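Residue strings, one per chain:
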Amino acid sequence: MRFRGSTIFVTGGAGFIGSAVVRHLINDTHARVVNIDKLTYAANLDSLSSTAGNPHYAFEQASICDADFIRKLFEKYNPDAVMNLAAESHVDRSIDGPDEFIQTNIVGTFTMLQESLRYWRSQSPEKRAKFRFLHVSTDEVFGSLGDDGLFTEMTAYAPNSPYSASKASSDHLVRAWRETYDLPTLVTNCSNNYGPYHFPEKLIPHMIIKGLAGDALPVYGDGKNIRDWLFVEDHAKALTLVLERGIVGESYNVGGRNERTNLHVVESICDLLDEVSPQKGSNRRSLISFVKDRPGHDRRYAIDATKLERELGWHAEEHFESGIEKTVHWYVKQRPWWEAILERGYAASRVGLTH
Ligand SMILES: NC(=O)c1ccc[n+]([C@@H]2O[C@H](COP(=O)([O-])OP(=O)(O)OC[C@H]3O[C@@H](n4cnc5c(N)ncnc54)[C@H](O)[C@@H]3O)[C@@H](O)[C@H]2O)c1
């Protein structure tokens, strides 16, 4: 009976995490979903083919910066909740061109908050009490960790890249709209996601696709940067749980307790590819090379998800080894999904090195 009779706006629903959220809501709950997406380079409606024709699913192509259009969507659908995932999300791209990050991540979130507030104020007390605005953010707002320690909800913000600075700004706006105007907001900060339907420029799909082709596998710096990997479907479930049961005004960290160095991640991919698609005469690890590091590359991220686990009963179902195996198998089987992206002209090259 979850979300029976509820209409949920999912912004960025054609992206990697957004599409996992839409699939989860449509397949596993009774929610009606309106996917609001501008369809940038990162979007892929093929990731939502399983929802085609479902009467509980609607798609609206729109920018979250377009206040007039967003207002019309509120009037048209009367939603009960907004899950705000639309963003420019690639750190390397934010180094080469921060403008879009400021527009979508900051101005877009501001626009969604303003239009949500206008709509929320016009509703009945019952509908106002039920309404939620869930903003999906990142652990990158907390900056970089040393060799030990974990990010908690109390960790001070210290963003280091244009991407994380724009997300940090949007988190502050969300908090302020709660404190100043009482809009019922929630924030989640999650670690690095991976899994099926991930755009090929991100580390894991990039390495799988390059490894399958027998191409060089360039790893930034010494490969010792640590990320805390979260399987995307576990994240989607965490987000719907926070929407349903989270305490208004709170933030929740979401993480898989799966800290791995980038080198370990790439080596795991190599070993799995050697099993499922062996290459004559050599193993994939021999394709790994170390290249100039990204500027401002945070050394370590690690999430303490205790609050979400203890208060809302969420637990990641996948550990890194099971999740990466599922992911590699998915990319091996689902070639048409990512080959179509490569055919659209995405060059699979490194960006974000400044000079
Ligand atoms: N991927 C991760 O590991 C990760 C980790 C932590 C937090 N996040 C956050 O989760 C959210 C989703 O990330 P993702 O990896 O799915 O991103 P993504 O880049 O795969 O997808 C973003 C989606 O937003 C859409 N979009 C961009 N600008 C828009 C605009 N102005 N209006 C409407 N739609 C727009 C794009 O078309 C795309 O479909 C983001 O807010 C990101 O900051 C991601």
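> Please set out the overall build of the protein residue by residue, giving values where relevant.
The secondary structure content of the protein amounts to 12 helices and 13 strands. Against the globule reference of 20 Å for 355 residues, the protein gives a C-alpha radius of gyration of 20 Å, in line with a compact fold. Over its C-alpha atoms, taken along the principal directions, the protein stretches across nearly 70 × 45 × 40 Å. Split into buried and exposed, the 355 residues of the protein put 55% on the buried side. In the protein, once contacts between residues fewer than 6 apart in sequence are set aside, the share between residues at least 24 apart is 82%. Surface exposure of the protein reaches about 14,800 Å², of which carbon and sulfur atoms provide 50%. Charge centroids of the protein, computed over 40 positive and 47 negative side chains, lie 3 Å from each other.

> I'd like a rundown of the nonpolar core, residues and numbers included.
Core analysis: the largest hydrophobic core is formed by 36 residues, its most contacted members being I8, V10, V21, L25 and M83. Elements that contribute at least two residues to this core include exactly β1 (7–11), α1 (16–28), β4 (81–84), β5 (132–138), β6 (185–190), α8 (232–245), β11 (251–254) and α10 (306–312). Counting 29 residues, the second-largest nonpolar core is a separate cluster that includes I209, F231, I269 and Y346.

> Lay out helix α12 (residues 335–343) in plain terms, naming residues and giving numbers.
Of all the positions in α12, only W337, W338 and I341 are classed as buried. Viewed along the axis of α12, the buried residues span an arc of 80°, placing them on a single side of the element. Exposed side chains of α12 directed beyond 90 degrees from the buried face belong to P336 and E343. Packing partners of the buried residues in α12 comprise α7 (203–213) and α11 (320–333). Of the residues one or two after α12, G345 is the one with positive phi, at around 110°.

> Mind laying out the pairing of β1, listing which residues take part and the relevant values?
Of all 5 residues in β1, 5 are buried, a share of seventy percent or more. Side chains T7, F9 and T11 project from β1 onto one buried face, and the interleaved I8 and V10 project onto a second face that is buried too. Pairing between β1 and strand β2 (residues 32–37): 5 bridges, direction parallel. Pairing of I8 across the sheet is with V33, part of β2.

> Describe the environment of L263, and please don't skip the residues or the numbers.
Tracing the chain through its elements places L263 in helix α9 (residues 262–276). Take L263: its relative accessible area is 17%, and that puts it in the buried class. Sequence-wise, L263 and L183 are 80 residues apart; in three dimensions their C-alpha atoms are separated by 43 Å. When residues no more than four places from it in sequence are discounted, the contact partners of L263 are G223, I288 and F290.

> Give me the lowdown on the sheet that holds β6, citing residues and values where you can.
If you trace the 7 strands from one edge of the open sheet to the other, you get β3-β2-β1-β4-β5-β6-β11, paired in parallel fashion. Bordering the open sheet on either side are β3 (57–61) and β11, each of which pairs with just one other strand. Direction aside, the axes of adjacent strands within the sheet are offset by 20° on average. Pairing of β1 with β4 involves 4 bridges; the strand directions are parallel.

> Which residues make up the confidence of the model for the protein, and what values do they have?
Per-residue pLDDT for the protein averages 95, and the proportion of residues at 70 or more is 97%. Of all secondary-structure elements in the protein, the lowest mean pLDDT belongs to helix α3 (residues 91–96), at 90, while β1 reaches the highest, 99.

> Outline the packing of helix α4 (residues 99–121) against helix α6 (residues 162–181), listing residues and values.
Their axes nearest at 8 Å, the elements α4 and α6 cross at an angle of 15°. By the criterion of interaxial angle, the relationship of α4 to α6 is roughly parallel. The hand of the α4/α6 crossing is right-handed. Listed contacts from α6 to F101, N105, I106, T109, F110, L113, Q114, L117, W120 and R121 of α4 are Y163, S166, K167, S169, S170, L173, V174, W177 and Y181. In the contact of α4 with α6, the residues fall into 11 nonpolar, 6 polar and 2 charged.

> Go over the side chain of R132 with me, naming the residues and quoting the values.
When you line up the elements, R132 lands in strand β5. D80 provides the closest opposite charge to the buried, unpaired R132, separated from it by 9.9 Å. Of the polar contacts made by the side chain of R132, one reaches the backbone oxygen of A129; its length is 3.0 Å. Residues in contact with R132, not counting those within four places in the same chain, are D80, A81, V82, P184, L186, L243 and V248.

Each value, and the rule that gives it
- Sequence order as written defines residue numbering, which begins from 1 separately in each chain.
- The model is predicted, so local features are restricted to residues of pLDDT at least 70 and side-chain atom pairs to those at 80 or more, both for listing and for counting; the totals for chains, interfaces and linings are taken over all residues.
- Side-chain numbers come from the whole structure's heavy atoms, not from hydrogens or water.
- Runs of H or I in DSSP of at least four residues are treated as helices and runs of E of at least two as strands, each being numbered from the N terminus.
- The size measure is the radius of gyration over C-alpha atoms, and the globule rule it meets is 2.2 Å times the number of residues to the 0.38 power.
- The buried label applies to any residue whose accessible area, calculated with a 1.4 Å probe on protein chains only, is under 20% of its type's maximum; exposed applies above 50%, and partly exposed to all values in between.
- In this description, contact between two residues means that some pair of their heavy atoms is separated by no more than 4.5 Å.
- Accessible surface is estimated by sampling points in the Shrake-Rupley manner with a 1.4 Å probe; for residues, cover comes only from the protein chains shown.
- His is not counted, nor are the chain ends, whereas Lys and Arg count as positive and Asp and Glu as negative.
- A single reference atom marks each charge: NZ on Lys, CZ on Arg, CG on Asp, CD on Glu.
- The definition of a nonpolar core used throughout is a set of buried Ala, Val, Leu, Ile, Met, Phe, Trp, Tyr and Cys residues joined through side-chain atoms within 4.5 Å.
- It is the directions from the helix axis to the C-beta atoms that the arc portrays.
- For two strands to pair, DSSP has to find at least two bridges joining them.
- Here, axes are lines fitted to C-alpha atoms. For helices the fit covers the stretch in contact, and angles between N-to-C directions go from 0 to 180 degrees.
- Looking at any residue, its pLDDT shows the predictor's confidence there, from 0 to 100.
- Under this scheme an angle from 65 to 115 degrees is roughly perpendicular, one under 35 degrees roughly parallel, and one over 145 degrees roughly antiparallel; angles in between are oblique.
- Here a crossing is called left-handed whenever its near helix is offset anticlockwise from the far helix by less than a right angle, and right-handed whenever the offset is clockwise.
- All amino acids are sorted into three groups, where Ala, Val, Leu, Ile, Met, Phe, Trp, Tyr, Cys and Pro are nonpolar, Asp, Glu, Lys and Arg are charged, and the leftover types, Gly among them, are polar.
- Each reported salt bridge corresponds to a side-chain nitrogen of Lys or Arg within 4 Å of a carboxyl oxygen of Asp or Glu.
- In protein, a polar contact requires one atom able to donate a hydrogen and another able to accept it; more generally it is a pair of N or O atoms within 3.5 Å, and residues adjacent in sequence count only if both atoms are side-chain atoms.

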